[in-house]
Structures are given as structure tokens and as C-alpha cells.
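Understanding the architecture of this molecule
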Amino acid sequence: MNDRTTTLDEPVTDDALTRPFAGASPYDTYVHAFVLNSLQHPLTEAPDEMGFLVTTQVMELWFTLIVYEWRTARVAFAKDDLPAAMDALTRSRRALTALNGAWAPIAALTPAQFNGFRAAFGKASGFQSAMYRHIEFLLGDKSAGLLRAHRGDPAVHEALAETYREPSLYDEVLAYLHRQGLPVPDHVRERDVTSAYTGDPGVAEAWRHVYAGPQHHPHLALGELLTDIAELVTRWRFDHVLVVRRAMGAKPGSAGSAGLAWLEQRAARPVFPELWEVRGDL
């Protein structure tokens, strides 16, 4: 036997971790965690409002990352740099997966729980998110009316207007495929990019060439990655519908929209439509 006590030894600490910081920690200086953690200001005593605020703010951050990656991919396609474009799209796919998972804290709100704080946000509504509008515009779902709604905030409006005027991510994909010798029609490549993209038989034919060809071709891998993204966007939209349906049913939206009916209509809008159409032709 020995005379050591049975108490656990004091854990060994690293002096570098316990040395006082001169100001804010280097971590906070880089991440700005203090700023992020200071942005939640519930307006009611309802216990579910904090989760609602954090969830929507986290989604805004994921929107920001997705927009960043899609812009990176768009530039790479314009330079015919497929590997860089695929890398950015792959990163965006991971971000979209995380975005979809962000619904969890509020996915099961009951009407009573939601009503406990719903009146506090007045006319605020998720469809007013400018960053989500960037996502839709980058997907080719352009709308002059939804752009016009942001005129009251000049900086936000101008940033969104730039995305509205520029080719969408899908426009750049199709231009890239044309330069690679695929039969993307001239009228699609020369279209007004401020108009909402709709499916085109000629584009479907171009994708048909890809999918009927070698099954390990880089262009088929691109088509599948874009399909993954389209599926994740669609799942996010339909999860939004389910969250709203569960929390408030078919009541009008807080900003005066039709609420559930409006969300269902938006959710049904196809993303990269020809990639879904071509599957029935093979």
C-alpha cells in the first residue's frame, strides 16, 4: 500500500491557456463570438422565442456561406475551371445539409408555443430575407418585384440588384457546357438574365447527351452535384412548409402573404428543371 490519497490529482493545465488575455481573446477577435452572442433579443417571456431567434440567425449565416460558394463556383465556370467550380459546389452541398438540419430546434412548435411570441415580430417574415433572395436569384429565380421590396435599404438593395443583373449560377453552368461542345441553344445563352429561368427543351437535350454518355465523365458528375443541390434546396423549402403547417396551419403570414399557400407555391418551383426532366428520357 501507499499513502497517496484517493482524490484525483489536480489536472495539468497549459500555461498558454490560463495566461490572461491583454484584451478580448484571440478567438473572439477572429470569430466575433461576443457580437454573435449579443444579437438575440427576445421580446416576450415565451420560452420558445430564443430558439426561434437563434435558428433564424443561424440560417442567415448558412445563407451567407452558400451565396459565397455559389459566387465562387460561378466565377470558376466563367473561367472554364471545372475542378474549382466543383470544389465550391461540394462545399455548398455540405452547407445546405447543415442548413436543412437547422430546422430542428423549431420544427415541432405547437400553435400555442408559436403564438406565445408570434405577435412580437409584427410584420417580419422569413421571405423578407435579402440573403435568401440572393440564393434564389443565383438559382435563376429572378423577380423584379421581390427586388423592389428592398428599396428602402439602399445598401441591401444595390447588393441584391447586382445579383439580379448578373448571370445566375445555372446560366454560367450552361455557358460552360456550350463552350465544351454541348448543344446549349443560342436563345438560352443570349436570354435576358434578369428574367426568371424556365426549363428549355434544348437544355434538356444537352443534359441528355451528358447522361447518355460515359457514366464517369466529369460533366455527369457535375450534373449529379447540381441535382444534389437542387434536392437539398427543395427539401429546405418543403421543410419550411411543414414547420409552418405544424405551427400555424393555413393562417395568413405575418407580413400579409397567404402564408402556407404562398410557401407551398414557392416550394413547388423547380431548381435546375432539365436535370429532373432528362431522367425520364433515358
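Calculation rules
- Residues numbered from 1 in each chain as written.
- Predicted model: local features only at pLDDT ≥ 70, side-chain atom pairs only at ≥ 80, totals over all residues.
- Heavy atoms only, no water.
- Phe/Tyr/Trp six-rings, centres within 6.5 Å; stacked < 30°, edge-to-face > 60°.
- Helix = DSSP H or I, 4+ residues; strand = E, 2+ residues; numbered from the N terminus.
- Lys NZ or Arg CZ within 6 Å of the ring centre and 35° of its normal.
- Axes fitted to C-alpha atoms, helices over the stretch in contact; angles between N-to-C directions.
- Parallel < 35°, antiparallel > 145°, perpendicular 65-115°, else oblique.
- Contact = heavy atoms within 4.5 Å.
- Salt bridge = Lys/Arg side-chain N within 4 Å of Asp/Glu carboxyl O.
- Buried < 20%, exposed > 50% of the residue type's maximum accessible area, 1.4 Å probe, protein only.
- Patch = residues over 30% accessible without salt bridge, like charges linked within 9 Å, V, L, I, M, F, W, Y side chains within 5 Å.
- Areas by Shrake-Rupley, 256 points an atom, 1.4 Å probe, with all protein chains shown as cover.
- Polar contact = N/O pair within 3.5 Å; in protein donor to acceptor, adjacent residues only side chain to side chain.
- Expected span 1.5 Å × (residues − 1).

Turning next to the packing of aromatic side chains. Each aromatic ring pair is specified by the distance between its two centres and by the angle formed by the two planes. Tallied over the full model, the rule gives 16 aromatic pairs. Ring geometry for F127 versus W262: centroids 5.0 Å apart, planes at 50°, classification tilted. Note that F127 is positioned in the loop between helix 6 (111-115) and helix 7 (130-138) and W262 in helix 14 (residues 260-267), a separation of 135 residues in sequence. Across from the ring centre of Y164, 5.9 Å away, lies the NZ or CZ of K142, which sits over that ring. The ring of W276 has R279 lying over it, and the distance from NZ or CZ to the ring centre is 5.9 Å.

Here we take up the packing of helix 10 (residues 169-179) against helix 13 (residues 218-248). At a minimum axis separation of 13 Å, helix 10 and helix 13 run at an interaxial angle of 170°. With respect to their mutual orientation, helix 10 and helix 13 come out roughly antiparallel. On helix 13, the residues that touch V173, Y176 and L177 of helix 10 are H219, L222 and L226.

In this section: the pattern of salt bridges. Counted by the stated rule, this structure contains 16 salt bridges. In this structure, E136 engages R133 in a salt bridge whose closest nitrogen and oxygen atoms are separated by 2.5 Å. Of this pair, E136 and R133 both sit in helix 7, three residues apart, roughly one helical turn. Residues E136 and R133 agree in their burial class; the two are buried. Through salt bridges with shared partners, a single ionic network connects R133, E136, D141, R266 and R269.

Now for a nonpolar patch on the surface. A cluster of nonpolar side chains, namely Y27, Y30, V31, F34, V35, L36, L39 and L61, defines an oily patch on the protein surface of about 870 Å² accessible area. Only helix 2 (26-31) and helix 3 (33-36) provide two or more residues apiece to the nonpolar patch. Examined against the element boundaries, L61 turns out to sit in helix 4 (residues 49-78).

For R74, the location among the structural elements is in helix 4. Here E166 takes part through its side chain, which lies 2.7 Å from a polar atom of the side chain of R74. A distance of 3.0 Å separates a polar atom in the side chain of R74 from the backbone oxygen of P167. Excluding its chain neighbours within four sequence positions, the residues that come into contact with R74 are L138, E166, P167, S168, L169 and E172.

Moving on: the environment of T198. One can find T198 in the loop between helix 11 (186-189) and helix 12 (201-212). The exposed category is assigned to T198, whose relative accessible area is 57%. Between the C-alpha atom of T198 and that of A230, which follows or precedes it by 32 residues, the distance is 14 Å.

This next bit is on helix 12. In a regular helix each residue adds 1.5 Å, so twelve residues correspond to 16 Å; helix 12 covers 16 Å between its end C-alpha atoms and thus fits that length. When helix 12 is considered as a whole, its buried residues turn out to be G202, V203, A204, A206, W207, R208, V210 and Y211. Against helix 10, helix 11, helix 13 and helix 15 (273-277) lie the buried residues of helix 12. Capping the start of helix 12, D200 holds a side-chain oxygen 2.8 Å from the backbone nitrogen of G202, two or three residues further along.

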